[in-house]
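Chain by chain, the residues run as shown.
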Amino acid sequence: MSFHEIRFPANLSFGSVGGPERRTEVVTLANGFEERNSPWEHSRRRYDAGIGMRSLDDVETLIAFFEARRGQLHAFRWKDWSDFKSGLPSAEPAYTDQIIGWGDGTTTDFQLLKTYRSGTNTYERPIQKPVEGTVKLGLKGDPQIEATQFSVDLTTGLISFATAPEDGAEITAGYEFDVPVRFDTDRVHTSVASFQAGEAPNVPVVEVRV
């Protein structure tokens, strides 16, 4: 699969609908009880890129982006306006937002993570498409300097320390991020008449594993 490191125009994704989905297999037993299982470790997000179209100029931008990706062939970045920061949407990312690992004196590479919490349960989501210039890193509560003490791979979300953190050292990070997606259709249907009447094209996009 080919991935284009380009973001779908953020002004067009604003106002789109979508979010995470899970796959759960539910078996109802003869006694009425259920057995539930999920073959997916991670959720998958879906969106509708057509909802954000507000003018015919927007439709032209969409078509150009669609054609440049060759429809479903090439994946790309998507800004999920409801979930694109390591912390609260109202706050700027801080290096203390997320714990991404603990040092062992040997390991230098750590994956960016975002942890979702509800009660005593958590889910760790790998973050693979951080936004350039937004990644902040902390080590044992102290901010680190990018390009001097660490580097970040913007295509994988992998953090690399110049020197391995010592055993037991807490590693934290803050960042903005995109979702890797592709179009979930090979056709875009538009109509000038219907668009002027307030109807937007239906253009589904779906998260991909990278």
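Before going into details, it helps to say that this report is about the structure given with it.

Calculation notes
- Within every chain, residues take consecutive numbers counted from 1 along the sequence as written.
- Where totals are concerned, whole chains, interfaces and linings use all residues; where local detail is concerned, this predicted model gives features only for residues with pLDDT of at least 70, and gives and counts side-chain atom pairs only at 80 or more.
- Side-chain measures here rest on the full set of heavy atoms in the structure, leaving out hydrogens and waters.
- The nonpolar core is taken to be a set of buried Ala, Val, Leu, Ile, Met, Phe, Trp, Tyr and Cys residues, with the residues joined through side-chain atoms within 4.5 Å.
- Buried means the residue's accessible area, taken with a 1.4 Å probe over protein chains only, is under 20% of the maximum for its type, while exposed means over 50%, and partly exposed covers the values in between.
- Helix and strand assignments come from DSSP, with helices taken as H or I runs of at least 4 residues and strands as E runs of at least 2, each series counted from the N terminus.
- When DSSP finds two or more bridges between a pair of strands, those strands are recorded as paired.
- Note on definitions: angles span 0 to 180 degrees between N-to-C directions of axes, and those axes are lines fitted to C-alpha atoms, for helices only across the stretch in contact.
- Centre distance within 6.5 Å is the pairing criterion for rings of Phe, Tyr and Trp, where only the six-membered ring of Trp is used; planes under 30 degrees apart are then read as stacked, over 60 as edge-to-face, and the remainder as tilted.
- By the convention used here, residues are in contact when the closest approach between their heavy atoms is within 4.5 Å.
- Here a polar contact is taken to be a pair of N or O atoms separated by no more than 3.5 Å, where protein atoms must pair a possible hydrogen donor with a possible acceptor and residues adjacent in sequence count only if both atoms sit in side chains.

**Here's the deal with the nonpolar core**
One finds I100, L112, L137, I159 and F161 to be the most contacted residues of the largest nonpolar core, which totals 17 residues. Of all the secondary structure elements, the ones that give two or more residues to this core are β11 (136-139), β13 (150-153), β14 (158-161) and β15 (170-174). With 16 residues, the next largest nonpolar core counts A49, V59, F76 and V205 among its residues.

**Some thoughts on the pairing of strand β9 (residues 113-118)**
With 6 bridges connecting them, β9 and strand β10 (residues 121-126) associate as antiparallel partners. For T115, the partnering residue across the bridge sits in β10 and is E124. Between β9 and β10, which pair antiparallel in sequence order, lie 2 residues; one of them, G119, sits at a positive phi of approximately 65°.

**As for the sheet that holds β14**
An order of β8-β14-β13 is seen for the 3 strands of this open sheet, with the pairing classed as antiparallel. With one partner strand each, in any of the chains shown, β8 (109-111) and β13 form the two edges of the open sheet. Adjacent strand axes in the sheet meet at a mean angle of 25°, parallel and antiparallel pairs treated alike. Both β8 and β14 contribute to a ladder of 3 bridges, which runs antiparallel. When the sheet's bridge partners are listed, Q111 is paired in β14 with L158.

**Considerations on the sheet that holds strand β17 (residues 204-207)**
Reading across the sheet, the 6 strands line up as β1-β6-β16-β17-β5-β2 and stay open at both edges, with mixed pairing between neighbours. Here the strands that pair on one side only, and so sit at the sheet edges, are β1 (2-7) and β2 (17-21). Across the sheet, the mean angle separating the axes of adjacent strands is 30° when strand polarity is ignored. Summarising the sheet, strand β5 (residues 44-48) and β17 pair through 3 bridges and their orientation is antiparallel. Bridged to D48 within β17 is P204.

**Considering the packing of aromatic side chains**
Following the criterion strictly, the structure yields 13 aromatic pairs and no others. Note on F14 and W81: the rings are 5.0 Å apart at their centroids and 85° apart in plane angle, and the pair reads as edge-to-face. Placement of the pair is F14 in the loop between α1 (10-13) and β2 and W81 in the loop between β6 (74-78) and β7 (98-102), with a sequence separation of 67 residues. The partly exposed category is assigned to W81, whose relative accessible area is 33%.

**Let's talk about the environment of K129**
Tracing the sequence through the fold places K129 in the loop between β10 and β11. Looking at K129, the relative accessible area reads 3%, which means it is buried. A C-alpha to C-alpha distance of 26 Å links K129 and E60, two positions 69 residues apart in sequence. With near-sequence residues (within four places) excluded, K129 lies in contact with F3, E5, R77, L154, T155, F177, D178, P180 and V210. Within the structure, the side chain of K129 is placed 2.5 Å from the side chain of E5, a separation counted as a polar contact.

Honestly, it's all geometry; don't read function into it.
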